[in-house]
Amino acid sequence: MAYLSQNEINAMGFASVGRNVKISDKAAIYNPETIKIGDNSRIDDFCIISGLVEIGRYCHITPMCLVAGGIPGVYLSDFSTLAYGVKVFAQSDDYTGETMTNSLIPKKFKNEKFEPVYICRHVIIGAGSVIFPGVVIAEGCAIGSMTLVNRSTEDWGIYTGIPAKRKSNRSKNLLNLEKIFFQSEDENDPI
């Protein structure tokens, strides 16, 4: 995987970019002026990032993900991870047939849903999962592969299925590891 140089990242015109950020040269970034990326975060091959998007520290967006922030925005907090092929949408068409759909149709003929998506700290979203507009994935949640999240979650849960359902609690031990990690951060090669 080849990453953009710091000069190439700076030239894109992001709203802000932290230190040690890595972006694949095969990622597609639209509207960089509305995108913020925190320290030590990474965007891998074949990802599409567009619209209002804020990415915290130590976030990893793995290959083939789509983060469509649109107008309301997608917000990834520190230590969140999107596994291969995750799709996150902050806006969507009305599929009922009561209105027209697709981006080529003027807004007066459509009834789009516009709601921000919040992915809180220490969330991991499994491969192939889809996150709908208006969802808050609460702190510490793990979303299993191929899960459809159409409602907000509660803290520290493991969710799977279509639609997502809480299956069990997730361990909070990683919070202890986070403290140790930050104490030794100077020794770490973050990416």
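To keep things clear, this report deals only with the structure shown in the data block. (Residues numbered from 1 in each chain as written. Predicted model: local features only at pLDDT ≥ 70, side-chain atom pairs only at ≥ 80, totals over all residues. Heavy atoms only, no water.)

## Structural notes on unusual backbone geometry
Which entries qualify depends on this criterion: Segments assigned H or I by DSSP are reported as helices when at least four residues long, segments assigned E as strands when at least two residues long, and all are numbered from the N terminus.
Cis rather than trans, the peptide bond between I162 and P163 has omega equal to -5 degrees. As for its position among the elements, P163 is in the loop between β21 (157-160) and β22 (165-169). Positive phi, close to 60 degrees, is recorded for N31, a residue that is not glycine. You can see N31 is positioned in the loop between β3 (28-29) and β4 (35-37).

## Concerning the nonpolar core
Formally: Nonpolar cores are built from buried Ala, Val, Leu, Ile, Met, Phe, Trp, Tyr and Cys residues. Side-chain atoms within 4.5 Å join them into one set. Note on classification: 1.4 Å probe, protein chains only; a residue is buried when its accessible area is under 20% of the maximum for its type, exposed when over 50%, partly exposed between these limits.
I23, I43, I49, I61, L82, I125 and I137 are the most contacted members of the largest nonpolar core, which totals 35 residues. Taken together, the elements giving at least two residues each to this core come down to β4, β7 (53-55), β10 (74-76) and β15 (117-119).

## Quick look at the packing of aromatic side chains
Defined as follows: Centres within 6.5 Å are what make two rings of Phe, Tyr or Trp a pair, Trp counting through its six-membered ring; a difference in plane orientation under 30 degrees is then read as stacked, over 60 as edge-to-face, and the rest as tilted. Think of it as a cone above the ring: NZ of Lys or CZ of Arg counts as a charge over the ring if it is within 6 Å of the ring centre and within 35 degrees of the ring normal.
Tallied over the entire structure, the rule returns seven aromatic pairs. For the ring pair F79 and F182, a centre distance of 5.7 Å and an interplane angle of 65 degrees mean the geometry is edge-to-face. Of the two residues, F79 sits in the loop between β10 and β11 (81-82) while F182 sits in helix α2 (residues 173-183), which places them 103 residues apart along the sequence. Using a relative accessible area of 17% as the deciding quantity, one classes F79 as buried. Grouping aromatic residues by their ring pairs yields a cluster made of Y58, F79, F181 and F182. Over the aromatic face of Y3 sits the side chain of K22, whose NZ or CZ is 5.5 Å from the ring centroid.

## Brief notes about the pairing of β21
Using the following cut-off: A pair of strands is labelled paired if DSSP reports no fewer than 2 bridges between them.
Only one face of β21 is covered, namely the one carrying G157 and Y159; the face carrying I158 and T160 has none of its residues buried. Sheet topology note: the β21/β22 ladder contains four bridges and is antiparallel. From the neighbouring strand, T160 faces β22, where its bridge partner is K165. Joining the antiparallel neighbours β21 and β22 is a turn of four residues, in which G161 adopts a positive phi near 105 degrees.

## Topic: the sheet that holds strand β1 (residues 16-17)
Reading across the sheet, the six strands line up as β1-β4-β7-β10-β15-β18 and stay open at both edges, with parallel pairing between neighbours. This sheet does not close on itself; its edge strands, each paired only once, are β1 and β18 (136-137). Two elements, β4 and β7, share three bridges in a ladder whose sense is parallel. The partner of I35 across the bridge, within β7, is V53.

## Points about the layout of surface pockets
The condition is simple: Put simply, the grid is 1 Å and covers the protein atoms alone, a cavity is a trapped set of points that fit a 1.4 Å probe, a pocket is an open set with protein on both sides within 12 Å along at least five of seven lines, and lining residues have an atom within 4 Å of a point. Grid points are joined across faces, edges and corners, and a volume is the space filled by probe spheres set on the points. The nonpolar class holds Ala, Val, Leu, Ile, Met, Phe, Trp, Tyr, Cys and Pro. Asp, Glu, Lys and Arg form the charged class, and all remaining residues, Gly among them, are polar.
Taken as a whole, the largest pocket holds about 230 Å³ of empty space. If you go around the largest pocket, the residues you meet are Q91, S92, D93, Y95, N102, S103, I105, K107, K110 and E112. Its residues placed into classes, the lining of the largest pocket shows two nonpolar, four polar and four charged.

## Regarding the environment of L175
Using the following cut-off: Only heavy atoms matter for contacts: two residues are in contact if any of them lie within 4.5 Å across the pair.
Turning to its location among the elements, L175 is positioned in helix α2. Residue classification places L175 among the partly exposed positions, given a relative accessible area of 24%. Along the chain, L175 and H122 lie 53 residues apart, while their C-alpha atoms are 8.7 Å from each other. Each residue touching L175, except ones within four places of it in the same chain, is listed here: R121, H122 and W156.

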